[in-house]
Amino acid sequence: MDPSCFRIRYYLTKMNTLKTIALLTLLLLSGKAHAQLTTFNPSAIGFLNTGYSATLTLDNNLYQSGVFSSLTANIGPFTINGSAVTVAGATAAAVKDTIADTQLWFCMDPGQYIYYNSSTLSYTFASGSNYNAFNKFEDPNFNGTGGLTSTEYASLQRLFTNYYGDAVKSLTNDAYKKTAAALQLAIWEVVNEKSSLTGNLSSGQFSVSNIKYNGVADNTGLFGLATTMLGSAQTQAFTGTLDFLLDGSQTVSGNLKATQDLLGWDPPDSQIPEIG
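Report follows, based on the coordinates. (Residues numbered from 1 in each chain as written. Predicted model: local features only at pLDDT ≥ 70, side-chain atom pairs only at ≥ 80, totals over all residues. Heavy atoms only, no water.)

**Some details on the overall build of the protein chain**
Note the following rule: Strands here are runs of E lasting at least two residues and helices are runs of H or I lasting at least four, both read from the DSSP assignment and numbered beginning at the N terminus. Contact definition: two residues touch when any of their heavy atoms are within 4.5 Å. Each accessible area is a Shrake-Rupley estimate made with a 1.4 Å probe; only the visible protein chains count as cover when residues are assessed.
Tallying secondary structure elements over the protein chain gives five helices and 17 strands in all. Partitioning the contacts of the protein chain with sequence separation of at least 6, the portion at a separation of at least 24 is 78%. Carbon together with sulfur atoms contributes 48% to the accessible area of the protein chain, which is approximately 11,500 Å² in total.

Written out as structure tokens, the structure is:
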């Protein structure tokens with residue numbers, strides 16, 4: 001299985017059976033609930049190549065037997081060109097500004113693709129705790145309850161509070177690409193580790209091995225940095241709001257394909273990172 005989070009697959013041929021079903025959730029903004037359908041062209045998404053790859057292993061207790069147990073993945077976040085985004089809904093302008101301001105988006109679903117139809121990709125934008133309430137894992141192969149617990153949600157906020165500023169610097173400074181890659185590993189661990197071993201990248205229902213940097217065994221300390229990040233995600237204070245781009249399932253040539261969700265962070269104005 002070619003993992004979704006690492007290679008962007010374009011479906012540019014005509015397929016009559018291809019359709020996009022957006023997973024609608026509630027967005028809580030200014031005390032009012034709105035469903036925000038967001039679309040953008042495939043060219044709007046870019047992958048930040050950090051040079052890191054690894055073998056990711058997911059316990060098959062989380063997935064139906066025989067789906068997959070391990071995969072080799074490139075490690076890094078995505079960028080989204082805000083000018084190519086269209087948002088429908090009463091608070092569309094505010095949502096579009098948030099998407100544009102979120103300079104890095106991180107994968108949540110190892111093993112799932114970003115699928116495109118011939119023109120646009122449809123997401124639903126959600127902010128705050130709505131992900132936990134409404135978006136249980138839409139992967140039909142997933143055996144767990146999905147969603148995020150309050151503890152997991154807080155851990156993700158701490159990760160972004162502590163490391164997002166440096167991760168964003170990777171857009172213009174290669175020295176920070178390790179931070180971006182480590183943050184992606186830490187996010188995968190928090191989201192996908194449903195056992196008591198959260199924070200342990202070596203074992204549990206989600207684990208990482210065989211880390212490489214530019215094709216050779218990593219000696220830069222990526223594993224150690226991600227582990228340090230996870231340690232800081234336990235008790236420290238946090239700020240900002242988590243944002244989610246929730247992608248629904250699609251039917252491709254008659255086959256149901258689950259597609260991944262992306263995670264971003266809306267920091268307070270005082271913590272908006274500057275790059276350049």
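**What to know about helix H1 (residues 92-101)**
Worth spelling out the cut-off: Note on classification: 1.4 Å probe, protein chains only; a residue is buried when its accessible area is under 20% of the maximum for its type, exposed when over 50%, partly exposed between these limits. Taking the helix axis as origin, the arc is that swept by the directions to the C-beta atoms.
Residues Ala-92, Val-95, Thr-98 and Ile-99 constitute the buried set of H1. Along the long axis of H1, the arc covered by the buried residues comes to 125°, so they all point the same way. In H1, the exposed positions that point more than 90 degrees away from the buried face belong to Ala-93 and Asp-101.

**Brief notes about the nonpolar core**
Rules: Buried Ala, Val, Leu, Ile, Met, Phe, Trp, Tyr and Cys residues form a nonpolar core when they are joined through side-chain atoms within 4.5 Å.
Of all hydrophobic cores here, the largest spans 46 residues; its most connected members are Leu-156, Leu-159, Leu-185 and Ile-187. Looking at this core element by element, the count peaks at ten residues for helix H4 (residues 177-192). Excluding residues within four positions of it along the chain, Leu-156 makes contact with Leu-148, Ile-187, Val-190, Val-191, Leu-242 and Leu-263. Counting 17 residues, the second-largest nonpolar core is a separate cluster that includes Ile-80, Val-85, Ala-92 and Tyr-123.

**Some thoughts on helix H3 (residues 150-168)**
Put simply, the test is: The span you would expect from a helix comes to 1.5 Å times its residue count less one. We define the bend at any residue as the angle between the axes fitted to the seven residues before and including it, ending there, and the seven starting there.
Here H3 spans 26 Å end to end across 19 residues, near enough to the 27 Å set by a 1.5 Å rise per residue. For H3, the principal kink sits at Asn-162 and spans about 45°. Burial analysis of H3 places 14 of its 19 residues in the buried class, the great majority of the element.

**Quick notes on the packing of aromatic side chains**
We describe a pair of aromatic rings using the distance from one ring centre to the other and the angle between the two ring planes. Quick note on the threshold: Here a pair means two rings of Phe, Tyr or Trp (six-membered ring of Trp) with centres within 6.5 Å. Their orientation is stacked below 30 degrees between planes, edge-to-face above 60, and tilted elsewhere.
Counting across every chain of the model gives six aromatic pairs. Taking the centre distance of 4.5 Å and the plane angle of 35° together, the rings of Tyr-52 and Tyr-213 count as tilted. Linking Tyr-52 in strand S6 (residues 52-58) with Tyr-213 in strand S12 (residues 206-213), this pair joins segments that are 161 residues apart in sequence. For Tyr-52, a relative accessible area of 4% gives the class buried. When the centroid spacing of 5.7 Å and the interplanar angle of 75° are considered together, the rings of Phe-106 and Phe-160 count as edge-to-face. In this pair, Phe-106 sits in strand S10 (residues 106-107) while Phe-160 sits in helix H3, placing the two residues 54 residues apart along the sequence.

**So, the pattern of salt bridges**
Threshold: Only one rule defines a salt bridge in this text: a Lys or Arg side-chain nitrogen within 4 Å of an Asp or Glu carboxyl oxygen.
This model, assessed by the stated rule, comprises two salt bridges. For Lys-169, the salt bridge is made with Asp-166, and the minimal N-O distance between the two is 3.3 Å. Here Asp-174 ties to Lys-177 by a salt bridge, and the two come within 3.3 Å at their closest N and O atoms.

**A look at the packing of H3 against helix H5 (residues 222-232)**
Here is the rule we go by: Orientation is described by lines fitted to C-alpha atoms, with helices fitted over the stretch in contact, and by angles between N-to-C directions that extend from 0 to 180 degrees. Any angle that falls under 35 degrees is termed roughly parallel, while one over 145 is termed roughly antiparallel, one within 65 to 115 roughly perpendicular, and all others oblique. We call a crossing left-handed when the near helix sits turned anticlockwise from the far one by less than a right angle, and right-handed when that turn is clockwise. In this classification, the charged set is Asp, Glu, Lys and Arg, the nonpolar set is Ala, Val, Leu, Ile, Met, Phe, Trp, Tyr, Cys and Pro, and all remaining amino acids, among them Gly, are polar.
Interaxial distance between H3 and H5 falls to 9 Å at its minimum, and their mutual angle equals 125°. By the angle between their axes, H3 is oblique relative to H5. In this structure, H3 crosses over H5, and the sense of that crossing is right-handed. Within the contact between the two elements, H3 uses Arg-158, Leu-159, Asn-162 and Tyr-163 and H5 uses Thr-228, Met-229, Leu-230 and Ser-232. Its residues assigned to classes, the contact of H3 with H5 comprises four nonpolar, three polar and one charged.

**Brief notes about the sheet that holds strand S9 (residues 85-88)**
To be explicit about the condition: Strand pairing is defined by DSSP finding a minimum of two bridges between the two strands.
An order of S9-S4-S11-S14-S17-S10 is seen for the six strands of this open sheet, with the pairing classed as antiparallel. Of all the strands in the sheet, just S9 and S10 have a single pairing partner and so form its edges. Relative to the sheet, H1 contacts strand S4 (36-40), S9, strand S11 (121-127), strand S14 (241-246) and strand S17 (262-266), its axis offset from that of S9 by approximately 145°.

**Looking at the pairing of S6**
Among the seven residues of S6, six are classified as buried, and the element is accordingly described as predominantly covered. Here S6 runs beside strand S7 (residues 70-75); their pairing, made up of six bridges, is antiparallel. When the bridges of S7 are listed, Ser-53 appears paired with Asn-74. Here S6 pairs with S12 via six bridges, running antiparallel.

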